[in-house]
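A structural walkthrough
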Amino acid sequence: FCSRIGLRSPSGPLFSRWERASGVSLRARAAAMRAAFLVAAVLAVFPPCAAQGYVAMGWKRYPGYAGAFDGSAISGSLKILPGGAASALKLEGTLQNMPAGDANGIHIHEGFDIDDADSVGGHFYPNLTEDPWANVTYSGPVANIDVEILAVALEGALGRVVVVHDATGTRVAISKIVPDATTYRYAELETYPMYNAL
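These numbers were taken from a predicted model, which means no experiment stands behind them.

Focus on the nonpolar core
If you look at the biggest cluster of nonpolar residues, it comprises 34 residues, and the most contacted ones within it are Trp59, Ile80, Leu89, Ile106, Ile108 and Val164. Of all the secondary structure elements, the ones that give two or more residues to this core are β1 (54-61), β2 (78-82), β3 (88-95), β4 (101-109), β6 (143-150), β7 (161-165) and β8 (171-179). In contact with Val164, not counting residues within four places along its chain, are Trp59, Ile74, Met98, Pro99, Gly105, Ile106, Tyr138, Thr170, Arg171, Val172 and Ala173.

Below, the structure is given as structure tokens:
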């Protein structure tokens, strides 16, 4: 690339004076430009550490909840993944020590703060008129969750909270959605064509 714009073999008194003044040879500058071009090309195709999904873990008692259930005892993680359909997300995971019983709820809510009950808000379903979370339930105390939510984009879920409800609908536990380090992708780099390290 750099050789095509006249940086292949700098020589002559003008180049020598420039090298002495700058302390950097044009050959080294050309090598740096090649490396920068490679990095820019890779980042254009593969954003750095592009997340493929999110996760909710590290559960705690819902703020202000004074009941007997201890939300901090929940173990396991809930993955929030791209759904099979466009603009859809999927909840997947096994959570233990959940509230016992059937028809318990687990939903993504609008809020971002796991310590402020007033900011948690309702179920997260922007631009929809019907609540897609209404029928999302689990059976405890071991909850095997595998559900797809249509028309709710994955990107909008990052940073929001996941709320665990018991069979009465009471909010008993909460967690925050964060990037999932186990579902990242990386680009494999190779030497730039015809590049010779100085």
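Describing the sheet that holds β6
Taking strand neighbours across the sheet as the criterion, the 8 strands line up as β5-β4-β7-β8-β1-β2-β3-β6 in an open arrangement whose pairing is antiparallel. Of all the strands in the sheet, the pair left with one neighbour each is β5 (137-140) and β6. This sheet shows a mean twist of 25 degrees between the axes of neighbouring strands, independent of strand direction. Relative to β2, β1 runs antiparallel, the two sharing 3 bridges.

Details of the pattern of salt bridges
All chains considered together, the criterion is met by 4 salt bridges. Of the charged contacts, one joins Lys90 and Glu92 as a salt bridge, the two residues approaching to 3.3 Å between their closest N and O atoms. You can call Lys90 partly exposed: its relative accessible area is 24%. A salt bridge links Asp146 to Lys90, with the shortest nitrogen-to-oxygen separation between them at 3.4 Å. Taken together, the residues span a long stretch of sequence, with Asp146 in strand β6 and Lys90 in strand β3 at a distance of 56 residues. On the basis of relative accessibility, which here comes to 56%, the residue Asp146 falls in the exposed class. A single salt-bridge network, built from bridges that share partners, covers Lys90, Glu92 and Asp146.

Here we look at the confidence of the model for the chain
Per-chain confidence: the chain averages 79 in pLDDT, with 66% of residues scoring 70 or above. Looking across the chain, the model is least confident in helix α1 (residues 13-22), with a mean pLDDT of 53, and most confident in β7, with 97. pLDDT under 50 marks residues 1-10. Its contacts with residues more than four places away, or in other chains, come to 14 contacts. A low-confidence stretch, residues 42-51 stays under pLDDT 50, and its non-local contacts, those more than four residues away or across chains, total 13 contacts.

Quick word on the environment of Gln96
When you line up the elements, Gln96 lands in the loop between β3 and β4. Gln96 sits 19 residues away from Ser77 along the chain, and the two C-alpha atoms are 9.4 Å apart. Sequence-distant contacts of Gln96, that is, excluding residues within four places in its chain, are made with Ala73, Ile74, Ser75, Pro141 and Val142.

Reading the values: the criteria
Residues numbered from 1 in each chain as written. Predicted model: local features only at pLDDT ≥ 70, side-chain atom pairs only at ≥ 80, totals over all residues. Heavy atoms only, no water. Core = buried A, V, L, I, M, F, W, Y, C linked by side-chain atoms within 4.5 Å. Buried < 20%, exposed > 50% of the residue type's maximum accessible area, 1.4 Å probe, protein only. Helix = DSSP H or I, 4+ residues; strand = E, 2+ residues; numbered from the N terminus. Contact = heavy atoms within 4.5 Å. Pairing = 2+ DSSP bridges. Axes fitted to C-alpha atoms, helices over the stretch in contact; angles between N-to-C directions. Salt bridge = Lys/Arg side-chain N within 4 Å of Asp/Glu carboxyl O. pLDDT = per-residue confidence, 0-100.

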